[in-house]
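Observations on the model geometry
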Amino acid sequence: MLTSSRLVLARKRRRMTLSRLAQESGVSVRSLTAFENGHKQPSPETLDSLAAALEVPLSFFAASEVEEIEVDALSFRALSKMSALDRDAARSAGRLAVEINQWMEDRFTLPGPDVPTLPHLTPEDAAERVRALWGLGEAPIPNMVHLLESHGVRVFSLAADCAAVDAFSMRWKEKTPFVFLNLEKSGERGRFDAAHELGHLVLHAAHRVPHGAEAEQEAQQFASAFLMPRSGIYAQMLHGADTKRVLSAKKKWKVAAVALAYRLKDLGLVTDWGYRTTVKQLSQMGYRRSEPNGIMRETSQLLSKVFSALRAGGFSSLKIADDLDITVDELNRHVFGLVPLALEGEREGAPASSRPNLRLV
């Protein structure tokens, strides 16, 4: 039995048009359209062909209906320049992550959402307010992914085949906040992307469409202010900082050198000429395209703890994937590659009354 929305989800996840799927599976476009519209059921042989072409277990097609994530719920950047295939692949990846999160919530008590909505504030003021509410003071943030997770944000990795998307976020059903991060970026860029998406969650997700030029600029300003708070930067005595001082200070704040240079200009600590000179020198040193000798890429603490607990309870990676009706490889693409190695023993998930409570500090 085929659940039509599952076929649509799998096709979009694999970046396939109906024509491409027809070529890969040997099933006509007309039949595929009828399957996706729920007007016709495929034969067992046809289902086998579709599963092979889409790289999903047969059980994926028989699972319950899935609701697509609306484009206007997502903080896609440069949406007008994004191809429909890239957009739909990322949306489908996000929908699978929602399934993974629900599986975890059925077995663990995870941190509840604690992300304020502050649409009435400027990005700078909103960043200061969130820092105050979360008790962060003016110090550098040790780890952005861990910080988000400790406040109830579900952070997942974007699969490599969604590399055209930088990052995005959403509030699923207007409640649980999600952030999806591209692992191809430098550690510094990944932190900035995480802060950028937090900006969308705080400023836009609950009140307006979280994409477009204005929303992107506001999220960018929020990220800059959140990672490099005004008082903290002032206290570091960076007035008139040259390239050498910028490179030294960036290590403290764990940000890209160019991002710190821009923040100094934004705060009036360097002139426009000084900023342009610094950025030119940084570009010549390779800091435009990458971050030489940069920090390690941040990963998920919550997922690591979940998989550690599952491993201790005798769950194999295959058991987890089977429960989700996906492959182990597909699971790993969404969870920072943290899926545990297969174990010999397995057991069913613990009942909700005895769910472990995962505390993140």
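Definitions and limits used
For every chain, the first residue of its written sequence is number 1, and the numbers climb from 1 along that sequence. A pLDDT threshold of at least 70 governs which residues receive local features in this predicted model, and a stricter bar of 80 or more applies before side-chain atom pairs are shown or counted, although totals over entire chains, interfaces and linings include all residues. Heavy atoms throughout the structure, all of them, feed into the side-chain values; hydrogens and water do not. Salt bridge, as applied in this entry: a Lys or Arg side-chain nitrogen positioned within 4 Å of an Asp or Glu carboxyl oxygen. For the purposes of this entry, the term helix denotes a DSSP run of H or I that reaches at least four residues, the term strand denotes a run of E that reaches at least two, and both are numbered from the N terminus. Each residue gets one of three labels from its accessible area relative to the maximum for its type: buried under 20%, exposed over 50%, partly exposed in between, using a 1.4 Å probe on protein chains only. Residues are called lining when one of their atoms sits within 4 Å of a cavity or pocket point, these points coming from a 1 Å grid over the protein atoms alone, where a cavity is a set in which a 1.4 Å probe fits but cannot get out and a pocket is an open set with protein on both sides within 12 Å along at least five of seven lines. Grid points are joined across faces, edges and corners, and a volume is the space filled by probe spheres set on the points. Under this grouping Gly is polar, as are all residues other than the nonpolar Ala, Val, Leu, Ile, Met, Phe, Trp, Tyr, Cys and Pro and the charged Asp, Glu, Lys and Arg. What pLDDT conveys is the predictor's confidence in a given residue, as a value from 0 to 100. The contact criterion used is simple: two residues touch if any of their non-hydrogen atoms lie within 4.5 Å.

**Description of the pattern of salt bridges**
Counted according to the given criterion, the structure contains 32 salt bridges. Residue Arg77 pairs with Glu197 through a salt bridge whose shortest N-O separation is 3.0 Å. Residue Arg77 is located in the loop between helix 5 (58-62) and helix 6 (84-105), and its partner Glu197 is located in helix 9 (residues 187-203); the two are separated by 120 residues in the primary sequence. Of the two residues, Arg77 and Glu197, both sit in the buried class. Shared partners join several salt bridges into a network, and the residues in it are Arg77, Asp166, Lys185, Arg189, Asp193, Glu197 and Glu216.

**What about the layout of surface pockets?**
In this structure, the largest pocket occupies an estimated 720 Å³ of space. There is about 320 Å³ of room inside the second largest pocket. As for the second largest pocket, its lining consists of 16 residues, and the residues nearest its centre are Ala73, Arg171, Trp172, Lys173 and Glu174. For the lining of the second largest pocket, a count of residues per class yields eight nonpolar, no polar and eight charged.

**Side note on the confidence of the model for the protein**
For the protein, the mean per-residue pLDDT works out to 92, and 94% of the residues sit at or above 70. This model gives residues 343-353 a pLDDT under 50, and the stretch forms 20 contacts once residues within four places in sequence are excluded.

**A short note on unusual backbone geometry**
In this model, Arg15 sits at a positive phi of 60°, which is unusual for a non-glycine residue. Positionally, Arg15 belongs in the loop between helix 1 (4-13) and helix 2 (18-25). For Arg15, a relative accessible area of 28% translates into the label partly exposed. Not every positive phi belongs to a glycine, and Glu174 is a case in point at roughly 60°. Along the chain, Glu174 turns up in the loop between strand 2 (167-172) and strand 3 (176-182).

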